[in-house]
Amino acid sequence: MTLLRNFLGRWGLLLVVVALWELATRLAGSVYFLPPTRIAAHAWEIWLTGPPARLWLTDAVFADVLPSLGRLFGGWLISGVIGVALGLALGRSRKATEYVGPLLDFFRSLPTPALVPLFLVLFSLGTPMQLATIVFGTVFTVVLNTADGAASVDAVKEQTARAFGIGRLDWWTRIVLPAAAPKIFAGLRVSLSQALILMVVSEMVGASSGLGFQLVYAQQQFEFPDLWAGIVLLALLGYLLNTGLLAVQRRALSWQQRSDQPAQAKG
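Residues numbered from 1 in each chain as written. Predicted model: local features only at pLDDT ≥ 70, side-chain atom pairs only at ≥ 80, totals over all residues. Heavy atoms only, no water.

S.K.: Teacher, can you tell me more about the overall build of the protein here?
M.R.: Looking only at helices and strands, one finds eleven helices and zero strands in the protein. In the protein, the order of α-helices and β-strands from amino to carboxyl end is α-α-α-α-α-α-α-α-α-α-α. Principal axes of the C-alpha set define a box for the protein whose edges measure 70 × 60 × 40 Å. Here the protein holds 267 residues, and the buried ones make up 36% of them. The contacts in the protein between residues at least 6 apart in sequence include a share of 70% that link residues at least 24 apart. The distance from the centre of the 20 positive side-chain charges to the centre of the 14 negative ones in the protein is 11 Å. (Helix = DSSP H or I, 4+ residues; strand = E, 2+ residues; numbered from the N terminus. Buried < 20%, exposed > 50% of the residue type's maximum accessible area, 1.4 Å probe, protein only. Contact = heavy atoms within 4.5 Å. Lys, Arg positive; Asp, Glu negative; His and termini not counted. Charge placed at Lys NZ, Arg CZ, Asp CG, Glu CD.)

S.K.: Would you mind going over the pattern of salt bridges with me for this structure?
M.R.: It is possible for side chains of opposite charge to pair when their charged atoms get near one another. All chains considered together, the criterion is met by five salt bridges. A salt bridge links Arg 71 to Glu 203; its shortest N-O distance comes to 2.7 Å. Taken as a pair, Arg 71 in helix α3 (residues 59-91) and Glu 203 in helix α8 (residues 168-206) lie far apart in primary sequence, 132 residues in all. For Arg 71, a relative accessible area of 11% gives the class buried. (Salt bridge = Lys/Arg side-chain N within 4 Å of Asp/Glu carboxyl O.)

S.K.: Hey, could you run me through the packing of helix α2 (residues 36-47) against helix α10 (residues 224-252) in this one?
M.R.: Each pair of packed helices can be described by the angle between their axes along with the distance between the axes. At a minimum axis distance of 9 Å, the contact between α2 and α10 shows a crossing angle of 90°. With respect to each other, α2 and α10 are oriented roughly perpendicular. Of the residues in α10, those in contact with Arg 38, Ile 39, His 42, Ala 43, Ile 46 and Trp 47 of α2 are Pro 225, Asp 226, Trp 228, Ala 229, Gly 230, Val 232 and Leu 233. A per-class count over the contact of α2 with α10 returns nine nonpolar, two polar and two charged. (Axes fitted to C-alpha atoms, helices over the stretch in contact; angles between N-to-C directions. Parallel < 35°, antiparallel > 145°, perpendicular 65-115°, else oblique. Nonpolar A, V, L, I, M, F, W, Y, C, P; charged D, E, K, R; others polar.)

S.K.: In this structure, what is going on with the environment of Trp 11? I would like to understand it.
M.R.: Relative to the elements of secondary structure, Trp 11 occurs in helix α1 (residues 2-28). Trp 11 sits in the partly exposed class, given a relative accessible area of 27%. On a C-alpha basis, the gap between Trp 11 and Val 142 in space is 31 Å, while along the polypeptide they are 131 residues apart.

S.K.: In this structure, what is going on with the environment of Glu 22? I would like to understand it.
M.R.: Here Glu 22 lies in helix α1. With residues up to four places along the chain from it excluded, the contact list for Glu 22 reads Pro 35, Pro 36 and Thr 37. In this structure the side chain of Glu 22 is engaged in a polar contact, spanning 2.7 Å, whose partner is the side chain of Thr 37. (Polar contact = N/O pair within 3.5 Å; in protein donor to acceptor, adjacent residues only side chain to side chain.)

S.K.: Is there a simple way to think about the packing of aromatic side chains in this case?
M.R.: The description of an aromatic ring pair rests on the distance of the ring centres and on the angle between the ring planes. Under the defined criterion, the tally for this structure stands at twelve aromatic pairs. For the ring pair Phe 119 and Phe 123, a centre distance of 6.4 Å and an interplane angle of 45° mean the geometry is tilted. Within this pair, Phe 119 and its partner Phe 123 are both found in helix α5 (residues 116-123), separated by four residues, close to a single helical turn. Overall, Phe 119 belongs to the buried group, its relative accessible area being 8%. Using a relative accessible area of 36% as the deciding quantity, one classes Phe 123 as partly exposed. (Phe/Tyr/Trp six-rings, centres within 6.5 Å; stacked < 30°, edge-to-face > 60°.)

S.K.: How should unusual backbone geometry be read in this particular structure?
M.R.: Even without glycine at this site, Leu 55 takes up a positive phi of about 60°. Tracing the backbone shows Leu 55 in the loop between α2 and α3. According to the relative accessible area criterion, Leu 55 is exposed, its value standing at 60%. Even without being glycine, Trp 56 reaches a positive phi, approximately 65°. Its location among the elements puts Trp 56 in the loop between α2 and α3. A residue is classified by how much of its surface remains accessible, and Trp 56, at 48% relative accessible area, is partly exposed.

S.K.: Just checking my understanding: could you explain the nonpolar core for this structure?
M.R.: Soluble globular proteins tend to pack their nonpolar side chains together in the buried interior. One finds Trp 47, Val 65, Leu 72, Met 199 and Leu 234 to be the most contacted residues of the largest nonpolar core, which totals 43 residues. Counting only elements with at least two residues in this core, the list comes to α2, α3, α6 (127-150), α8, α9 (211-220) and α10. With 14 residues, α8 is the largest single contributor of residues to this core. Not counting residues within four places of it along the chain, the set of residues in contact with Met 199 comprises Ser 68, Leu 72, Ile 134 and Leu 234. Core analysis: the second largest hydrophobic core is formed by twelve residues, Leu 90, Leu 104, Val 116 and Val 139 among them. (Core = buried A, V, L, I, M, F, W, Y, C linked by side-chain atoms within 4.5 Å.)

Put into structure tokens, the structure is as follows:
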């Protein structure tokens, strides 16, 4: 009974929305808005009816879904490495922040989709252009969150570390990084959602494969089952990616919970 209550508490609203969607679309009978059951059946057909040797994955998965995921994770990882390194440096240097901060604010304000034509000129069609779009659109989120976290090192810990003459490597790995870790993960989670959106945008104009390309192609060919299947897949990907990264964050930051327990016990 408890399991059922927990399940309904978490997924009940979604089930109601899906049921209403199913009922409304069947009553309307529109060719543009399909019932969820038909979308699910079509998605199964185009992506999960391959041979058992390939885990039942079809050619469409290897031609479109996996390349999109490769671009997504490639751009996001590049953005994460650059953003965390630059953010840590800026967060621990007030002068650097004063000089670089206005420049970061300027570039952060630029709408990345509007720069896609520029990236097309600089990198031409293909994966480099898509990676550039994803990296540019996500790196500033990581930089600013990381810098904010690096600047929030507890003053007592900082003074204690200096009093004990802690080495430079230990300073970064045992003082700065643990203090900045929650903000780093916050930036990575937001940037992952941004990367998914920008992956689709970049593939809509600069690719011959991928989920974004297939969405445009389905819309042009009036293949609405393919269009809706792609939209639902992107929504599922966004949820699964966020859930997975949140699980990694909780595990990586479990040290915070352990350190907070003694303080709560004393209180």
